[in-house]
Structure formats: structure tokens, C-alpha cells
Amino acid sequence: MGRPLVHVGRGGGGAWYNFYNEDAMGNMVAHDYQLPSYRHILLEGAERVRLYHFNPEHSVSNANSEFLSSSHISVFGTKSEGHSATIWVRNCSDVY
């Protein structure tokens, strides 16, 4: 997979409660199906997103999640495990 599992696009937003993804693809070996561009969640052009406990973990891509060209993002608690970056923030404003 080279596309995000969850994609919140331009103008998308709102509150997310207990986002949890632990690479739950069964017994498959993650390296066999995740490209470096894969994300558990990608916010791209999103606005006013609130994440109340954010737990993306165990991907083998460059990052478990990415916030790209988005604004007014609040993360109220996060947890992650693995070797990838938890949250990759690029070209965003007002990220708390």
C-alpha cells in the first residue's frame, strides 16, 4: 500500500475520538505491503481537526501519520511504538 488508510482532505476537519491503528493487517509481514509513503492517517489540507487520544503505531513506512498543509490541529494525548516517526508535520500552521 502506498496510499493512506485514512485520508482527511482539503476542508475536512472535526473531532476524532480514540484514533487507534496498530498495523492490524492480520499475520502479514508489514514490509510486504507498506511502501515508505503509506500512512495510517494523512491530514492533507485539513482544518480544525481535534484528536482526542491519538495512537498510530507500528507502521514500517516513513511515518505512522502525517499532517500536510493543514491548520488548527490539536492533539490531546498521543502514544506510539515502532521505528517510524509518530507524526510527520509539514507545511502546517497552528499545530498544538
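Data block above holds the structure.
Attention in this report is confined to the structure presented alongside it. (Residues numbered from 1 in each chain as written. Predicted model: local features only at pLDDT ≥ 70, side-chain atom pairs only at ≥ 80, totals over all residues. Heavy atoms only, no water.)

Digging into the environment of Glu-66
Line of reasoning, step 1. When you line up the elements, Glu-66 lands in strand β5 (residues 63-68).
Line of reasoning, step 2. In the structure, Glu-66 is positioned 59 residues away from His-7 in sequence and 9.8 Å away in space, judged by C-alpha atoms.
Line of reasoning, step 3. Not counting the four nearest positions on each side in its chain, Glu-66 is found in contact with Arg-39, Ile-41, Leu-42, Leu-43, Trp-88 and Arg-90.
Line of reasoning, step 4. Separated by 2.6 Å, the side chains of Glu-66 and Arg-90 make a polar contact. (Helix = DSSP H or I, 4+ residues; strand = E, 2+ residues; numbered from the N terminus. Contact = heavy atoms within 4.5 Å. Polar contact = N/O pair within 3.5 Å; in protein donor to acceptor, adjacent residues only side chain to side chain.)

Remarks on the nonpolar core
Line of reasoning, step 1. If you look at the biggest cluster of nonpolar residues, it comprises 11 residues: Val-8, Phe-19, Ile-41, Leu-43, Ala-46, Val-49, Leu-51, Phe-54, Phe-67, Ile-73 and Val-75.
Line of reasoning, step 2. The set of elements that each furnish at least two residues to this core consists of β3 (41-44), β4 (47-56) and β6 (71-78).
Line of reasoning, step 3. The element best represented in this core is β4, accounting for three residues.
Line of reasoning, step 4. With residues near it in sequence (within four places) discarded, Val-8 still touches Gly-13, Trp-16, Leu-42, Leu-43, Glu-44 and Ala-46. (Core = buried A, V, L, I, M, F, W, Y, C linked by side-chain atoms within 4.5 Å. Buried < 20%, exposed > 50% of the residue type's maximum accessible area, 1.4 Å probe, protein only.)

Structural notes on the side chain of Ser-59
Line of reasoning, step 1. The residue Ser-59 is located in the loop between β4 and β5 in this model.
Line of reasoning, step 2. A polar atom in the side chain of Ser-59 sits 3.1 Å from the side chain of Ser-61.

Some details on the sheet that holds strand β1 (residues 6-8)
The pairing of strands in a sheet comes from backbone hydrogen bonds and takes either a parallel or an antiparallel form.
Line of reasoning, step 1. Taken in spatial order, the four strands line up as β1-β3-β5-β7 in an open sheet, and their pairing is parallel. The sheet terminates laterally at β1 and β7 (85-90), the two strands that pair on one side only. For this sheet, the mean inter-axis angle between neighbouring strands, taken without regard to orientation, is 15°.
Line of reasoning, step 2. Where β1 lies against β3, three bridges are found, and the strand directions are parallel. Paired with Val-8 across the bridge in β3 is Leu-43. (Pairing = 2+ DSSP bridges. Axes fitted to C-alpha atoms, helices over the stretch in contact; angles between N-to-C directions.)

So, the packing of aromatic side chains
Line of reasoning, step 1. Under the counting rule described, the total for this entry stands at five aromatic pairs.
Line of reasoning, step 2. A centroid spacing of 6.1 Å and a plane angle of 65° characterise the contact between Trp-16 and Phe-19, whose relative ring orientation is edge-to-face.
Line of reasoning, step 3. With a centroid separation of 6.1 Å and 40° between ring planes, the pair formed by Phe-54 and Phe-67 is classed as tilted. Remark: Phe-67 occurs in strand β5 and Phe-54 occurs in strand β4; sequence separation between them is 13 residues.
Line of reasoning, step 4. For Phe-54, a relative accessible area of 0% gives the class buried.
Line of reasoning, step 5. Following the ring pairs from residue to residue traces out a cluster consisting of Trp-16, Phe-19, Phe-54 and Phe-67.
Line of reasoning, step 6. Lying over the aromatic face of Trp-88, Arg-90 brings its terminal NZ or CZ to 4.8 Å of the ring centre. (Phe/Tyr/Trp six-rings, centres within 6.5 Å; stacked < 30°, edge-to-face > 60°. Lys NZ or Arg CZ within 6 Å of the ring centre and 35° of its normal.)

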